[in-house]
Amino acid sequence: MTHWLVANPGAGNGQKGREFWRERLASAGITGPECCDLQDKSWTAQVQPGDIVMVAGGDGSVNAVAQICLEHKAVLAVLPSGTANDFARNLALPEDPAAVCELVQRGVTQKVDVAEFGDGIFLNVAHIGLGTVAAREAEGAAKKFFGRFSYGVALLKQVSAKRGFHAEISCDKAFVRGRWLSIAVSSGAFFGGGNEIPQATADDGLLDIIAVKPRPLLQLLLTFLLVRLSGKSPDRTSTVVHLKGKRCDIYTSKPKIVTVDGDEAGKTPLHVVCRKHCLRVIGASVVRTGEAGKVASGGVNGS
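Anyway, here's the lowdown on the structure attached to this text. (Residues numbered from 1 in each chain as written. Predicted model: local features only at pLDDT ≥ 70, side-chain atom pairs only at ≥ 80, totals over all residues. Heavy atoms only, no water.)

### Some points on the overall build of the protein
And then number 1: Looking only at helices and strands, one finds eight helices and 18 strands in the protein.
And then number 2: Expressed as a percentage of its 303 residues, the buried residues of the protein come to 51%.
And then number 3: Long-range contacts, defined here as pairs at least 24 residues apart, represent 72% of the contacts in the protein between residues at least 6 apart.
And then number 4: As presented, the protein carries roughly 14,200 Å² of accessible surface, and 50% of it is formed by carbon and sulfur atoms. (Helix = DSSP H or I, 4+ residues; strand = E, 2+ residues; numbered from the N terminus. Buried < 20%, exposed > 50% of the residue type's maximum accessible area, 1.4 Å probe, protein only. Contact = heavy atoms within 4.5 Å. Areas by Shrake-Rupley, 256 points an atom, 1.4 Å probe, with all protein chains shown as cover.)

Below, the structure written as C-alpha cells:
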C-alpha cells in the first residue's frame, strides 16, 4: 500500500502546505509519502486499489482527489487545509493535525455517498442562484481575512439585490415549481463553512434539496435562525422547501450557473444521482445532523 500526498499551496491561509503535513505524518509513522500535485496527473496511473491518497486543501481539491480515488478504488484521506473544509466536517475529523495524521496511520475508514452529475461529481453541495454568488465572490483577500465567514459576507452583500429565478424541481416522487432565490442540492450535511443541513448525513444514500424563495432579508435571517435552533427544516413554509431523494432534476427558465463544491461546473439544467457508499474515506465516524444532535456511525479498521 502506498501513501500519496497531494497539497494545494493556495488553500486556506497557505500555512498548511506540503511540508507542514509531511512533518506531522512522519511523527505519526507515515514517512516518505509520494508527493504529487493536481497540475500534473501523470502519477495517477500508478495509484493502486487500497492505496491512501491524502489531500491537503479545501473542498475543491478534495473533490478532484475523490474522483481519482473512485477511478482507482483508492482510499481518500482529507488533511483539512482550506477555508470551509465542509467535507471534513462530515467525517468529524479532529481539529488537531497530529490527531488527523494518527487516524490516517491507523487506517480507520468509512464509506460515504457521492453525488454524480453529467461527467462530474460533488461531495458537498451544488448551488444554483444566490449560493453560486457566495462561492464565486468569497475569494482573494476577503476570503483570507474572514475565513469561512467570507461565504456569509458575500451572501449578505447580494441578497437584497436578487429577485430570484423560475425553476422546476423534481425529486423521486416530489415536484415543485416557482420562483427561487437559491437551490442547493447536497450529498453531505454541511455547506458554506459549517452551515448544517438539517437531518442529513453523507452516507444515507439520499440527496437533500433545499430551495429558498425570495423574501425580505429579515424574514430570511429569521428562518435561518429557526432552522439552526431547531435542527430541522420546516416541511414546506413560505420561505423554504426541503426535499429528499435518490435523484434530482432541476430545470430553469433561463440557463443559470451551477457551482459544485465551490467551483463553477456549467449551467442548468442540472441532473443529479446519489451513488450510495461508493467512496472509502479515512474517518472514525460520519456526522448525522438533526434534532437529536450528531450521531456517529461505526468505523472499519484497516483497508
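From this point, things continue past the structure.
### Brief notes about the pairing of strand S18 (residues 270-282)
And then number 1: Bridge count for strand S5 (residues 109-117) against S18 is seven bridges, and the pairing is antiparallel. Within S18, the residue paired with Lys111 across the bridge is Arg280.
And then number 2: Here strand S15 (residues 247-252) pairs with S18 via four bridges, running antiparallel. Directly across from Asp249, in S18, lies its bridge partner His271. (Pairing = 2+ DSSP bridges.)

### Examining the pattern of salt bridges
A side chain with one charge can pair with a side chain of the opposite charge if their charged atoms come near.
And then number 1: All chains considered together, the criterion is met by seven salt bridges.
And then number 2: Residue Arg275 pairs with Glu116 through a salt bridge whose shortest N-O separation is 3.2 Å. Remark: Glu116 occurs in strand S5 and Arg275 occurs in strand S18; sequence separation between them is 159 residues.
And then number 3: Here Arg275 falls in the partly exposed class, since its relative accessible area comes to 33%. (Salt bridge = Lys/Arg side-chain N within 4 Å of Asp/Glu carboxyl O.)

### Structural notes on the side chain of Asp208
And then number 1: Of note, Asp208 is situated in strand S13 (residues 207-212).
And then number 2: A relative accessible area of 0% means that Asp208 is categorised as buried.
And then number 3: Within the structure, Asp208 has its side chain in polar contact with the side chain of His242 (distance 2.7 Å).
And then number 4: Among the polar contacts made by the side chain of Asp208, one reaches the side chain of Lys244 at a distance of 2.5 Å.
And then number 5: In this structure, Asp208 is in contact with Ala184, Val185, Ser186, Ile197, Pro198, Gln199, Ala200, His242, Leu243 and Lys244, ignoring residues within four places of it in sequence. (Polar contact = N/O pair within 3.5 Å; in protein donor to acceptor, adjacent residues only side chain to side chain.)

The values are spatial; any link to function lies outside them.
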